[in-house]
Each structure stands twice: as C-alpha cells, then as structure tokens.
Amino acid sequence: MIKHFLNNDKVFDTIVNIFVFCILVFTLYPIYFVLIASFSDPAMVANGDIILYPKGINVEGFSYILKDIRIWRGYYNTFMYTFFGTLLALLITIPAGYALSRKDLKGKKIIMLFMVITMYFNGGLIPTYLVVKSLGLIDTPYVLIILGSFSVFNLIITRTYYISTLPLELQEAAEIDGCTIPKYFMVVVVPLSKPIIAIMALYYAVSHWNSFFNALIYVNNIRLYPLQLILRDILITGQTVDVTTTDPEVVERLKRIAQTIKYGVIIVSSLPVLVMYPFVQKYFVKGVMIGSLKQ
Amino acid sequence: MSHLKIGKENTLAVNILNNRAKKRKKIIAYIRKSWILYLFVLPAIVYLIIFNYIPMYGVQIAFKDYRASLGILGSPWVGLKHIITFFDSYQFVQLLINTLALSFYGLIAGFPVPIILALLLHYTKNQRFKKLTQMVTYAPHFISTVVFCGMIFILLGNEGVYNQIIEILGFDKIKFMSKPEYFRHIYVWTDVFKGMGWSSIIYIAALSGVDPQIHEAAIIDGASKIQRIIHVDFPSILPTIIILLILNAGRIMSVGFEKAFLLQNNLNLEHSEIISTYVYKVGIQSGQFSYSTAIGLFNNIINFLLLILVNKISKKITNIGVW
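Residues numbered from 1 in each chain as written. Chains lettered and ligands numbered in written order. Predicted model: local features only at pLDDT ≥ 70, side-chain atom pairs only at ≥ 80, totals over all residues.

With that settled, the discussion passes to the overall build of chain B. Counting its regular elements, chain B contains 15 helices and zero strands. Taking 323 residues into account, the globule formula puts the C-alpha radius of gyration at 20 Å, and chain B, at 29 Å, lies well above it. Once the C-alpha set of chain B is aligned to its principal axes, its extents read approximately 115 × 75 × 40 Å. Here chain B holds 323 residues, and the buried ones make up 34% of them. A separation threshold of at least 6 residues defines the contact pool for chain B, and within that pool the share at least 24 residues apart is 66%. (Helix = DSSP H or I, 4+ residues; strand = E, 2+ residues; numbered from the N terminus. Rg over C-alpha atoms; globule rule 2.2 N^0.38 Å. Buried ≥ 20, exposed ≤ 12 C-beta atoms within 10 Å, placed from the backbone. Contact = placed C-beta atoms within 7 Å.)

Below, the structure written as structure tokens:
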C-alpha cells in the first residue's frame, strides 16, 4: 500500500518538497533567531516573547559590545593573522601544487608520499608543542600565522586543478619558444590560476578566521588573543563585556542583558563571513568538486 | 678479421662512453631546466619537516621520562611505563568508551544524512528553491566551532528558545546542557546539522554525473522516481559512498578536540571527557609531557589500525579501497 503510494511521482514530488522545506526552516531558524534576539528587548527574549519576529527594538547590547576593547583588539589580531597567514599559505601551496602537477618532475611520487603520510600520522600535541617552543614561537603572533599555512589536502586540490586544466601542449609550445619555467609560471600559469587562487585563499582564510586551537595552546598573552579566544571567554566561560568597569549599576545592568550581549557578539563576530558568504559560496563548492576528482 | 674485431670493440666502448655522456648531459640539462620546480616544492617540504616529521621523531618521549633540562635525546628510556600507567588508570575505560561512543554514533547518525539530503535536493524541481536550500544548508559549515558551541549553550539552555518553544507546546523544559546523558546526542546531532549541507555537495555532484540514458531507459520501462532512486541513482553513487565511508571510518578516533572541549562542563564531564581533551589536560595544563604523548600515540595507532581494517573489509566485499 505504502509502496504503491510512494510510487506515484506526484506524491513523491510533494513529499520531497515538504522535506526540503522543513530542512530549510530548521537550518535557517537558529541563525535567524540569534539575529532577531540580538536587537530585541532583553526582558522579552528571556520571557520567551521573541519567537518569530523582533520586538522592542533595543541596541543596548551592541553599544556595550562596540565599547569593548577586547573585541576590537581580537578583531584586529584575527584580521592580521588571517591576512598574513593566507598570503603565506598561497605562496607555499600554489607553486608546490603546480610543480607537483608537472609530468616531467622526477621524484614526484616520493614527494607525494612524503606529504600524504602526514595526513595519517602526526606527532601529537606535546611533541608539536615542544618544536614550537624550541623555535621560540610561543606567545608570538608568528605562530598563529605560520601554523595552518600549509595543508596537504589543499595542495592535492591545487595539484588536481592544474592537472585537469593545464594542457601539456601549452607547456611544450612554451618550451619550443624557449620560455623558461619561472617565466612560464609567471606569464602563463598564474593568470590561468585565478579560480584556484580564489578557492585556496578562501579555504585558508576561513580556517585562519575560525582557528581556535592553536591560539589556545600557544598564546597566553591576552593582547595577542584572536577573536575566537575572546569569543570563548564571552560565550562559553561567561565573562561579561567591558570587564574593567567597577560601577555597580553598570555591572548589574550588564548581568541583566548578558544573554543579549551574547547574541550580539555572535552577530558581530560572524558579520564578515555572513556578508561575504553568498558571493563566494560557489568557489567553496568548486573546491569540493575539484577535490573529489581524484580520490 | 682480428682488426675488424678490435674496431667493433672500440666502437662499442665508444658507444658506452657516449651513452654515459649523453645520460649525464641529459641529467644536467634536466637539472638546469627543472631545479626551479624543486624550489617550488621546498617551502611545503620544510613546513612538513618542521611541524610534522620532527614531532614524529619527538614521539619517542612517550617511552621516556621527558625532562626539559635533558632534552628529548638525553631523557632516560622507561619503555612502556606510560602506556601501562594509562591502561591501569581508572579513567582509561571511560575515556575509551566516550571517544568511541561519540565517533561511532557520529558516523552512524551523520553518514546517511548528507546522502538523503543530496537525493532530496537532486529531485527538487524548483531550481530557485533548490539553490536557496543549498546555500542555507552549507552555511553552518562556516560558523566557527566557538560560535557554534556558544549558540548551542544559549539556544538549548534553560532559558533558550528551544525550551521556550517546548513550553509553549505544553511540555516540560528539558535540561539539555546539564545532564550527562544528553551530551552525546547533542554533540552528534548538532554535528550532523552543521555538516550535512557541506557533505552533501560531493553526493550532489555524483548524482548529476549519473548517465541520463539510464534514467531515460528506466522511464521508458515505467519506473517511478522512487524506483529510479533505488535502482539507478543509488548503485551509481555507491562507489563514492564507500570511499567516503572508509575515509570517515579512518578518522574515527580523531573526534574533534575543539567541540568536546568547548561543550565540556563539570556536569557532563563523565560523558564529555574524551582522549584528546584528556591529552590536553594532562599535557598542557599539568605538564606531564611523556604521559600525554603516550596517550596521544595510543590514540593515533588505534586510528590507523581502524583505517587499514575498514579498507581491507571494503576491498573484500566491494572491491573498492582507498589504496
């Protein structure tokens, strides 16, 4: 009976649409709720009056957040780590990916093996910590720029991109014309690499922006904290914003709107990603597609 | 006669010499032309040597009593002392159960969902609706773990919106965040929520790669959509499914540190303490470097053995393997 029912394509289409609609609503709602709760009346949010749309518009939470120097500093630090980290990552990944895509590179297999091994084995937390320590990188901004500036997974995507897009004839034609490899790379390969450079830049930038673990392990100085560590203090450990104040009235007020501040912090910290996301989404998807070509 | 013979030998010797010279010339020409390519790869290799291979060498402190003043090489060997201490410790069983529970539960719950989502999206006729849903379901992948865990705490807390909705519907509030028995469900299902869209991309790609002629033939034979899913789409994307299953199974012991660590509190610790968070606490917080390394190494070895095992089973059953 049920089987017969499902075999009807019209019934099937309706069921598909209902399911997809439910998934859409369930995924969108938490994000939407955080947004409306961040500028609604804190008391109404606490009472459960805010479910579907914002009420009692109130930006007090945001005004405290914007006054908090830690958030600004965290933002600045994260921006710097992300910018330089991504730049370094591109300088390492793109040339390496290109070189390893060339058929005429001798010892390519050994180099790839050398790299792939690191995807399955690692020294673990403490041995890595000892290396970073012996390099004198603990409590420096450099450790957060350097760590995560190369990923074998991204290298494989880059290499696959070059293998599947750069025709061998192009390279041979350039060689006949007496073009050297560095010149060929700069004049021919790089201009043809715009899509993969965009994909890699986004992949590395997002992972730097969201990175939390390295800062937790290697940085103790609060002035070097990236945004994510500040966010942990506010969202998870439950510190209030503007911890320097001693005015009891302000402290009391802050306690009352603590939840609203959390909603606001989520919005403020995710803003760059949220704004950029719809425009760059297709690049991320493209990266997955290239990555799946050779698995 | 003999004169001729000598001549032949001579030319042979000359040939060999010539060949060698040619080979050497070839190598020199190759190096002259291509050395720059090795320079291209060099930074990546240096990075891996410093941050992956040297730490691998440093793993030996798992079998030593590491003291900073003596260095890695100078510290005395103690054999399996630390591993045995870990096996004998009262946390061992609980840590192992917690780690395996999160990962197996996560694999079983999280693996089929992206496939189902991909099929649903693939059969959504309205392209705009499909595109919108894709964009929205990919989005949680880009939320940082810290913000995501913060959202879990706020939205599922006692005053959180989900409890308020539960109350409006006339049920009692659920203490999601303070009962250890809920921890695994929350951990796993929020993970499913975060990753399902992103993981579905690969299946959507596989589905759009199915030969349309097979579908046309099936339609002519009178197959309904659901029959086509079962008999055409599913077999076509099965290799993709199996490869991803193997790769996921190989990661079974590497349950994310960040999320478990951030969701931990004193109330749920009995279910939320996993090997990686314990390694962090023992190593970084209490400074027992050797002991912590030994636990991490144990975790790594189990992980690798699982990968090999799953790959072998899959090769036997389906002839598909990662290597």
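We note that Asp139 of chain A has phi near 60°; this positive angle belongs to a residue other than glycine. On the secondary structure map, Asp139 of chain A appears in the loop between α7 (125-134) and α8 (141-146).

This part takes up the nonpolar core. Residues Ala96, Ala215, Leu231 and Val265 of chain A together with Met151 and Ile295 of chain B are the most contacted members of the largest nonpolar core, which totals 110 residues. Ranked by residues supplied to this core, first place goes to helix α5 (residues 69-101) of chain A with nine residues. Among all residues touching Ile295 of chain B, those that are not within four sequence positions of it are Phe86, Ile275, Tyr278, Val279 and Val282 of chain B. With 17 residues, the next largest nonpolar core counts Ala118, Leu121, Ala206 and Leu244 of chain B among its residues. (Core = buried A, V, L, I, M, F, W, Y, C linked by C-beta atoms within 7 Å.)

The subject of this paragraph is the domain arrangement of chain B. All names here are of chain B. The domain boundaries assigned to chain B delineate domain 1 (2-67) and domain 2 (81-318). Measuring from the centre of the C-alpha atoms in domain 1 to the corresponding centre in domain 2 gives 44 Å. Here the side of domain 1 that touches domain 2 is built from residues that sort into four nonpolar, no polar and two charged. (Domains from an automatic or database assignment. Nonpolar A, V, L, I, M, F, W, Y, C, P; charged D, E, K, R; others polar.)

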